[in-house]
Amino acid sequence: MIDRTEASRRREKRERKGGKPAGARTRTLSPNPRPPPSSSPILSRARARFFTPPTSKQDDDPYVRKTAAICVAKLADIAPDLAEDRGFIAALAGLLGDGNPMVVANAVAALSEIADAPGGGCPGAAAALAAPATASTLVRALNECTEWGQVFILDALAAYHAPATPAAAEALAERVAPRLQHANAAVVLSAVKVLVAAA
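Numbering of residues starts from 1 in each chain and follows the order in which that chain's sequence is written. Local features in this predicted model are restricted to residues whose pLDDT is 70 or higher, and side-chain atom pairs enter the listing and the counts only when it is 80 or higher, whereas totals over whole chains, interfaces and linings include all residues. Where side-chain values are given, they derive from all heavy atoms of the structure, hydrogens and water being excluded.

(A) Molecular detail of the overall build of the protein. From N to C terminus, the protein includes 11 helices and zero strands. Secondary structure elements are defined from DSSP: runs of H or I of at least 4 residues count as helices, runs of E of at least 2 residues count as strands, and each element is numbered from the N terminus. Along the protein, helices (α) and strands (β) appear in the sequence α-α-α-α-α-α-α-α-α-α-α when read from the amino end. Only protein chains enter the accessibility calculation, which uses a 1.4 Å probe; a residue is then buried when its area is under 20% of its type maximum, exposed when over 50%, and partly exposed in between. A burial count over the protein gives 35% of its 199 residues as buried. In the protein, of all internal contacts separated by at least 6 residues, the share reaching a separation of at least 24 is 59%. Contact criterion: two residues are considered in contact whenever any of their non-hydrogen atoms come within 4.5 Å of each other.

Below is the structure:
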C-alpha cells in the first residue's frame, strides 16, 4: 500500500515534468453549439436582466433555435413584461415559420405556455397563434413532426384558430382527420379537439 507522502511526491514530480495528473480534465473548444450538461443548473438560474435579444433565428443549427424557443418561455415566466418589451415574443412568433418541424413544434409549445400563463401572460403570444397565416404553417409542419410535436400543434389549432369559412373548416378537417387513426392516444384526442372546434 502506498502512503500519502509517496503519492504526493509522485504528483509533484509529474507536475514538474508538465504532465497532468491522472483523471484531470482538459477544456476544449468544440464546434458543437450545445452547452455541456454541467451548465444546465447555471443557465436555469440566469437572471432575466442579463438576457439580450435572441439571434437564434439566424443560427444554422435547429437545436439552437429549438432551445431558444424554450428559453423564451422560461423568460416569459420570470419576467413577462421584459419578454414582450425586448422583442422575444416577436422573435418566437418568427420561429413559427421555420423550415424545421422540431423548431416549429417547440415554438408553438412555448407560445401556448406563455399565452396560457396565469395572469394573462403576454398578449403577443396569443395573437401570434391566432394569426390566420399561422394555421396554414402549422398544418404544413404537422406531417413532419414527432407525435408530441403534433399534440402541441393540434392543441394550439384547437385553442387559437377558428376557421373563417365553412370551406376553411372542411380543409382543416381533411388535414387533421388522418390523425384519428394514430397509435398515440394523445394525438387522437388532440385531433378530436381540432375537429370539434372547427365544427
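(B) Just the nonpolar core, in detail. For our purposes a nonpolar core is just a set of buried Ala, Val, Leu, Ile, Met, Phe, Trp, Tyr and Cys residues, chained together by side-chain atoms within 4.5 Å. Core analysis: the largest hydrophobic core is formed by 46 residues, its most contacted members being I89, L92, V108, L111, I114, I153 and L157. Considering every element that reaches this core, the biggest residue donor is helix 6 (residues 101–115), with nine residues.

(C) Summary view of the packing of helix 3 (residues 62–78) against helix 6. Here helix 3 crosses helix 6 at 0°, and the two axes come no closer than 9 Å. Judged by the angle between their axes, helix 3 and helix 6 are roughly parallel. On helix 6, the residues touching P62, Y63, R65, K66, A69, I70, V72, A73 and A76 of helix 3 are M102, V103, N106, A107, A110 and I114. Split into classes, the residues belonging to the contact of helix 3 with helix 6 amount to 12 nonpolar, one polar and two charged. Geometry is summarised by axes, namely lines fitted to C-alpha atoms with helices restricted to the contacting stretch, and by angles between N-to-C directions that run from 0 to 180 degrees. Comment on the angle field: the value is read as roughly parallel under 35 degrees, roughly antiparallel over 145, roughly perpendicular from 65 to 115, and oblique elsewhere. Each residue receives one of three labels: charged for Asp, Glu, Lys and Arg, nonpolar for Ala, Val, Leu, Ile, Met, Phe, Trp, Tyr, Cys and Pro, and polar for the others, Gly being one of them.

(D) Local environment of the side chain of T137. Its place among the elements puts T137 in helix 8 (residues 132–142). Pairing of N or O atoms within 3.5 Å defines a polar contact, subject to two protein rules: one partner must be a possible hydrogen donor and the other a possible acceptor, and residues neighboring in sequence count only if both atoms are side-chain atoms. Within the structure, T137 has its side chain in polar contact with the backbone oxygen of A133 (distance 3.1 Å). The residues contacting T137, other than those within four sequence positions of it, are L96 and G97.

(E) Region of interest: the packing of helix 9 (residues 147–160) against helix 11 (residues 185–198). Packing of helix 9 against helix 11 brings their axes to within 8 Å, and their N-to-C directions diverge by 20°. By the criterion of interaxial angle, the relationship of helix 9 to helix 11 is roughly parallel. The interaxial crossing formed by helix 9 with helix 11 has left-handed handedness. Each of E147, W148, Q150, V151, L154, D155, L157 and A158 in helix 9 lies in contact with helix 11, whose residues at this interface are A186, V187, S190, A191, K193, V194 and A197. Left-handed describes a crossing in which the near helix is turned anticlockwise from the far one by less than a right angle; the clockwise case is right-handed.

(F) Main features of a nonpolar patch on the surface. Patch definition: residues above 30% relative accessible area lacking any salt bridge, with like charges linked at up to 9 Å and the nonpolar side chains Val, Leu, Ile, Met, Phe, Trp and Tyr linked at up to 5 Å. Per-residue and other accessible areas follow the Shrake-Rupley method at a 1.4 Å probe size, with only the shown protein chains counted as cover for residues. A carboxyl oxygen of Asp or Glu within 4 Å of a side-chain nitrogen of Lys or Arg is what we treat as a salt bridge. A grouping of L180, V192 and V196 is seen on the molecular surface, where their side chains present a nonpolar patch of about 240 Å² in accessible area. Note that L180 resides in the loop between helix 10 (166–176) and helix 11. With a relative accessible area of 36%, L180 lands in the partly exposed category.

(G) Inspection of the pattern of salt bridges at higher detail. Under the counting rule described, the total for this entry stands at two salt bridges. The salt bridge partner of D98 is R65, with a shortest N-O separation of 2.8 Å. Of the two residues, D98 sits in the loop between helix 5 (88–94) and helix 6 while R65 sits in helix 3, which places them 33 residues apart along the sequence. R65 gets classed as buried once you look at its relative accessible area, which sits at 9%. Measuring nitrogen to oxygen at the nearest pair gives 3.5 Å for the salt bridge that ties K193 to D155. Of this pair, K193 sits in helix 11 while D155 is found in helix 9, placing the two residues 38 residues apart along the sequence. By relative accessible area, which is 26% here, D155 ends up partly exposed.

(H) Structural context of the environment of E144. Along the polypeptide, E144 turns up in the loop between helix 8 and helix 9. Separated by 43 residues in sequence, E144 and P101 have C-alpha atoms that sit 6.1 Å apart.

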